[in-house]
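# Fold and contact review
Listed below, chain by chain, are the residues.
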Amino acid sequence: MEPPAFPVRPPLGKSGRSIQVRANFFPVQSLPQRPIHHYEVIITPEVPPAKNRRVYQLWEDEALLSGELGGVRPVFDGRKNVYSARPLPLVGDASDFSIDYFDNDDPFAQKNGPKKFTLALIKVGEINMQRLGLFLEGRSNEAPLDAIQALDILLRHRPSLMYTTVGRCFYTPDSAAAIANGAQLWQGFHQSIRPTRGQMMINLDVSATAFFQPGPLVEMVAKILNRNSVNDLRAPITEKDRTKLDKTLKGLKVAVTHRGQIRRKYRIARITSTPATRTVFPLASTGQEESVANYFAGKYNAPLYFPHLPCLIVGDPAKLVYLPMEVCEVVPGQRHLRKLNERQTAEMIKFTCQPPHVRSNKISAGITILQQRDNEYLNEFNVSIGHEMAIVNSRILPAPAISYHPASKEPVITPREGAWNLRDKMVAQGVTIRSWSVVAFGTDHDYPVSTIQKFITLLVQTCEECGVFVQNRQPPISYANPHGNVEKTLIDAYMVAGNSFQERPQLVVCILPNTGVPLYAEIKRVSDTVIGLATQCIQAKHMFAAKRQYCANVCLKMNVKLGGMNSFLSNAQLPFVSERPTIIFGADVTHPAPGSASTQSIAALVGSMDAQCSRYAAAIRVQKGRQEMIQDLSSMVVELLKTFYQTCGAKPERICFFRDGISEGQFSEVLKAEIEAIRIACATLEASYSPTVTYVVVQKRHHARFFPIRKEDSDKSGNVLPGTVVETGVTHPSEFDFYLCSHPGLQGTSKPTHYHVLYDENRFTSDSLQELTYRLCYLYCRATRSVSVVPPAYYAHLVAARARFHATGDGWLEGFSDFGSVMNMSNMSSASIASVASLGGNSVGGMVGAAGAVGGLASQMSGLSVDGAPPGLDGSRGAAGVLNKRMSMTNLAAGPVRTLGNRASGFFNGNGAVSNGLGGSVGFNKGSSVGAAGVVPEGSVEGGVVRVMNYGVVKSELANVMWYM
């Protein structure tokens, strides 16, 4: 199926208050009128891009001096493309040039003579710049990418000669700031050229990235190992430290210091497992083995100060060239490509966090720093750049009125500047917490029982003030080793809660010693995929300094995890959703971090499950790494459409699909595949089922920033006000896109989100889509602030991030096939299973035995299908069979909507027996399920329920749908 061309922009919106803002875009005031000449350059022998540019520049300088270029100044992209404003004086359409190059990195260059290179120039063609003018005026829908690329390379040519280039950014070590573990931050600028209505613009923004600190390698080693100084390295290092060094230093380039003026450079391959005193090699002269420490003491009369440190293996690892660490220095200008750790990230945020006025001034200075004013290359092409930021028209959309429980003292609130609080408000639908427990990961010395009880008392009081009823105010408290068996700890906490209250547990509150990821990840893995239980993690520092505001935020998260609704907007404020059955999708694909052992990506899809867009169910898939397209989108859409029908009693007539994470170059390819997948999903359910679809790309990875001009148009932080929308001046010349700053500024400069409509059968107006998007930003369920990204896309990102916790080990996704992958989920002992079974049948709806309590819960909570599990008690799946079988990742987290035994949406019937429910039939299932059977779902709303509008007869209750919060 061929999707139509991207929708053109409808008439501009009129909603809100009109203002003007300053944007970090600079106008290109004049463009080349004549064709640009395009050449391919081939440099032999091949060298890395950085050296490529040096070889080319050497040729250009010599050719200009000799007059070979006839005064023409071409520009080079650093790889294969050369552009010129006038034809180059070549012999025919191709010419070869010889170049003598002295390599600054080679200490023997003067002795060995220059390296010989050949540079070949081949005429490719001419670029018609008139097509660019037609595109900018909106008279052509086809973007002339060759013309835009030529202008981009022209504008980047001069800065590339002067600064360290990383992607579209230019960096300088001037004003570099050291951060933890041997890294430093360099400041620079991001520059790109953007087509807008009527003119090209340069988008310029400040940027920062991490480099390795140059200098003695042993100083870096001390910093990596968190030593106070080099002197602290005199003690032998542990195997754990050696592994950390090996991982950090691998690939780093160093220069030797023990050979006087000969500063030869090497790349570290790995680190030896033995110190220099025990790392031996055969001497070339005698063949006898000698230690590295003794060799350096004898050969260079340089006894090692740190002979107990391991050695570097440099160059080709097969040749085993050893160097002591202390004779090496880190070569300047090497990027820190690995993911920054927690401390480094915090220091980078502090370094880059700049108030709007500071950032604006730096950007204004940047256009001069990058020498876009007196630039002979721009003059050659007849291009001139404006040096004042663009002033563009914008509007501030009005904030929506947010509704809480009608029994609240203040049931409706209209936020000011995107923020409000829970004072005098009760959640719209509050759950009842009956069975729960607390686990403190530490000792009673670390966390005295009295302190925990004091915090729990405040938490319970705050919950009840917020409309979340806690039936049992004194949950059992247990302690656990943070480095111990988390799975056993949580199963024990589950059993203690169940036996204490004779009811299936709903929640375990976990008190954590720090913000470290590993413990949190393991808790979520076990709770989501092994037990099927909601957990709420609390940092110990917040427990000790308990505040009511913090407890209120925790209450919001607990309520939605257990099936409640915190707030909603009236039907009149969401007409697109309330007028007809509508589902809002959010989708994202996350990829492995640089340096990660994983080679797989995770695709996540969430869909709204009510008429208020307050609850979202999720589906997850594991797919091949680095592929942005969602490969199994069709079956994911089927799952969520069926869930919507079960919970809302109607089929969606309209779909609005917010897609995160794709770049402009992928628009057409991804749109074509994913629109087709949505159509296939609908046809799978019913041949005649064809809801109208709108597909909107959500982009946060851009460098557009807006700065208020008048004080009354700014918030307390100096940023633009929430609701600021920009759809002219810096947007696409003809397509339907806009920037929306929907969140209040806290620190630094607010980043707007860019929304680009690629497909629109719902025929949105500018106002209707902008208002829908902005109002949804007030429905992010775990905050009392509007958020910067539309919540469906935000939730999809959270779901994908959580899925990475769903197995043990760093490289857990390696080896998985696309959709038929298997994983062993549990090592639970039979004694643990038997203990769980002791909870008996006293829970609401009846306990379905060990299978339903543990095995069934695990398979449902994560949505894992269980292959070949035998039936267990009361016809449910047997626990031992479930827990010892290998589980398919095919439906990972399709079942957040099928959680905790008989609360599943049609998955279990009231007696605990397996029914077809959501997964049983191909089409929409019109049979009765949990709701019709009259079973009271655990954690469901009791007393003072807010009966908000729904689309039809609710066929099943939807509990614990927001498990990923």
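Residues numbered from 1 in each chain as written. Predicted model: local features only at pLDDT ≥ 70, side-chain atom pairs only at ≥ 80, totals over all residues. Heavy atoms only, no water.

### A word on the overall build of the protein
- Of the regular secondary structure elements, the protein holds 25 helices and 42 strands.
- Buried residues in the protein amount to 56% of all 965 residues.
- When contacts within the protein are restricted to residue pairs at least 6 apart in sequence, long-range pairs at least 24 apart make up 73% of them.
- Of the roughly 38800 Å² that the protein leaves accessible, carbon and sulfur atoms contribute 50%. (Helix = DSSP H or I, 4+ residues; strand = E, 2+ residues; numbered from the N terminus. Buried < 20%, exposed > 50% of the residue type's maximum accessible area, 1.4 Å probe, protein only. Contact = heavy atoms within 4.5 Å. Areas by Shrake-Rupley, 256 points an atom, 1.4 Å probe, with all protein chains shown as cover.)

### Considering the sheet that holds strand 2 (residues 25-30)
- Overall, antiparallel pairing links the six strands, which are arranged 8-9-10-11-2-20 in an open sheet. If you trace the sheet from one side to the other, it starts and ends with strand 8 (164-166) and strand 20 (384-385), each paired once.
- Judged from the three bridges that link them, strand 8 and strand 9 (residues 169-179) form a sheet pairing that is antiparallel. Of the residues in strand 9, the one forming a bridge with Thr164 is Tyr171.
- Of the strands in this sheet, strand 8, strand 9, strand 10 (183-196), strand 11 (199-212) and strand 20 are in contact with helix 4 (residues 145-162), which crosses strand 10 at around 150°.
- Lying over the sheet, helix 9 (residues 356-369) contacts strand 2, strand 10, strand 11 and strand 20, oriented at roughly 100° with respect to strand 11. (Pairing = 2+ DSSP bridges. Axes fitted to C-alpha atoms, helices over the stretch in contact; angles between N-to-C directions.)

### With respect to the packing of aromatic side chains
- One pass over the structure, following the stated rule, counts 26 aromatic pairs.
- These aromatic residues form a ring-pair network of at least three members: Tyr616, Tyr780, Tyr794, Tyr795, Trp963 and Tyr964.
- Above the plane of the ring of Tyr377 lies Arg73, whose end atom (NZ or CZ) is 5.7 Å from the centre. (Phe/Tyr/Trp six-rings, centres within 6.5 Å; stacked < 30°, edge-to-face > 60°. Lys NZ or Arg CZ within 6 Å of the ring centre and 35° of its normal.)

### Remarks on the nonpolar core
- By size, the foremost hydrophobic cluster in this structure holds 84 residues, and its most contacted members are Ile433, Trp436, Phe658, Leu776, Tyr795, Tyr964 and Met965.
- Counting only domains with at least three residues in this core, you end up with domain 2 (430-564) and domain 3 (571-699 + 756-828).
- Counting 37 residues, the second largest nonpolar core, distinct from the first, contains Ala677, Ile678, Cys682 and Leu685. (Core = buried A, V, L, I, M, F, W, Y, C linked by side-chain atoms within 4.5 Å. Domains from an automatic or database assignment.)

### A closer look at the sheet that holds strand 29 (residues 534-539)
- One open sheet accounts for four strands, arranged 27-25-28-29; its pairing is parallel. Strands at the two margins of the open sheet, each flanked by one partner only, are strand 27 (477-480) and strand 29. Direction aside, the axes of adjacent strands within the sheet are offset by 25° on average.
- Alignment of strand 25 (residues 436-441) against strand 28 (residues 507-512), held across five bridges, turns out to be parallel. Paired with Val438 across the strands is Val509, a residue of strand 28.
- Strands in contact with helix 11 (residues 449-465) are strand 25, strand 27, strand 28 and strand 29; relative to strand 25, the strand with the most contacts, it is inclined by about 135°.
- Its contacts with the sheet put helix 13 (residues 517-531) on strand 25, strand 28 and strand 29, and the angle it makes with strand 29 is roughly 165°.

### Quick look at the side chain of Gln623
- For Gln623, the position within the fold is in strand 33 (residues 616-624).
- Among the polar contacts made by the side chain of Gln623, one reaches the main-chain carbonyl oxygen of Gln627 at a distance of 2.9 Å. (Polar contact = N/O pair within 3.5 Å; in protein donor to acceptor, adjacent residues only side chain to side chain.)

### Observations concerning the environment of Arg659
- With respect to the element layout, Arg659 can be found in strand 34 (residues 654-660).
- Of the residues examined, Arg659 reaches a relative accessible area of 0% and is grouped as buried.
- Through-space distance from the C-alpha of Arg659 to that of Gly586 is 5.9 Å; in sequence the pair is 73 residues apart.

### A closer look at the side chain of Ser601
- Locating Ser601 in the fold gives a position in strand 32 (residues 600-608).
- A distance of 2.6 Å separates the side chain of Ser601 from the side chain of His591, its partner in a polar contact.
- There is a polar contact of 3.0 Å between the side chain of Ser601 and the backbone nitrogen of Arg626.

### A short note on the pairing of strand 31 (residues 582-590)
- When you tally the buried positions in strand 31, you get nine out of nine residues, the bulk of the element.
- Of the two faces of strand 31, both are covered, the one formed by Thr582, Ile584, Gly586, Asp588 and Thr590 as well as the one formed by Ile583, Phe585, Ala587 and Val589.
- Here strand 31 runs beside strand 34; their pairing, made up of six bridges, is parallel. Looking at strand 34, one finds that Ile584 is bridged to Cys656.
- Where strand 31 meets strand 32, six bridges bridge the pair, whose relative direction is antiparallel. In the strand pairing of strand 32, Ala587 is matched with Leu605.

### Thoughts on helix 11
- The terminal C-alpha atoms of helix 11 lie 24 Å apart, and with 17 residues this matches the ideal 24 Å at 1.5 Å per residue to within 8%.
- Buried within helix 11 we find Ile452, Phe455, Ile456, Leu458, Leu459, Val460, Thr462 and Cys463. (Expected span 1.5 Å × (residues − 1).)

### Describing the pattern of salt bridges
- Under the criterion given, the structure shown has 36 salt bridges.
- Between Lys116 and Asp100 there is a salt bridge, with the nearest N and O atoms lying 2.8 Å from each other. A residue pair is termed long-range when its members are at least 10 positions apart, and Lys116 in strand 7 (residues 115-127) and Asp100 in strand 6 (residues 94-101) qualify at 16 residues.
- Judged by its relative accessible area of 58%, Lys116 is exposed.
- Note that Glu674 and Arg659 form a salt bridge whose closest N and O atoms lie 2.9 Å from each other. Highlighted residues: Glu674 in helix 18 (residues 667-685) and Arg659 in strand 34, separated in sequence by 15 residues. (Salt bridge = Lys/Arg side-chain N within 4 Å of Asp/Glu carboxyl O.)

### Topic: helix 17 (residues 633-648)
- For helix 17, with 16 residues, the first-to-last C-alpha span of 22 Å sits near the 22 Å given by 1.5 Å per residue.
- Of all 16 residues making up helix 17, 15 are buried, and the element is well covered by its neighbours.
- Positive backbone phi, approximately 75°, marks Gly649, located one or two places after helix 17.

### Description of unusual backbone geometry
- Cis peptide bonds are those with omega within 30 degrees of zero, and the linkage from Thr44 to Pro45 qualifies with -5°.
- By the element assignment, Pro45 lies in the loop between strand 3 (36-44) and helix 1 (49-66).
- Positive phi is not limited to glycine here, since Asn226 has a value of about 60°.
- Secondary-structure assignment places Asn226 in the loop between helix 5 (217-224) and helix 6 (239-249).
- Positive phi outside glycine occurs at Arg626, with the angle close to 65°.
- As for its placement among the helices and strands, Arg626 is situated in the loop between strand 33 and helix 17.

### Structural notes on the packing of helix 11 against helix 15 (residues 548-561)
- At their nearest, the axes of helix 11 and helix 15 sit 9 Å apart, and the two run at 65° to each other. Judged on the interaxial angle alone, helix 15 and helix 11 are roughly perpendicular. Relative to helix 15, the crossing made by helix 11 is right-handed. When helix 11 is examined against helix 15, the residues Phe455, Leu458, Leu459, Gln461, Thr462, Cys463 and Glu465 are found in contact with a partner set consisting of Arg548, Tyr550, Cys551, Ala552, Val554, Cys555 and Met558.
- Grouping the constituent residues of the contact of helix 11 with helix 15 by class yields ten nonpolar, two polar and two charged. (Parallel < 35°, antiparallel > 145°, perpendicular 65-115°, else oblique. Left-handed = near helix turned anticlockwise from the far one by under 90°. Nonpolar A, V, L, I, M, F, W, Y, C, P; charged D, E, K, R; others polar.)

### Quick word on the environment of Ser437
- Locating Ser437 in the fold gives a position in strand 25.
- Taking the C-alpha atoms as reference points, Ser437 and Phe501, 64 residues apart in sequence, are found 10.0 Å from one another.
- Leaving out residues up to four positions away in the same chain, Ser437 has contacts with Pro475, Pro476, Ala493, Ala497, Leu507, Val508 and Val509.
- Within the structure, the side chain of Ser437 is placed 3.2 Å from the backbone oxygen of Ala493, a separation counted as a polar contact.

### Concerning the pairing of strand 21 (residues 390-396)
- Burial within strand 21 is extensive, with five of its seven residues counted as buried.
- Of the strand pairs in this sheet, strand 1 (residues 17-23) and strand 21 are connected by seven bridges, and their pairing is antiparallel. Its bridge partner lying in strand 21, Ala23 is registered against Ala390.
- Pairing of strand 21 with strand 37 (residues 724-726) involves two bridges; the strand directions are antiparallel. Its bridge partner lying in strand 37, Arg395 is registered against Val725.

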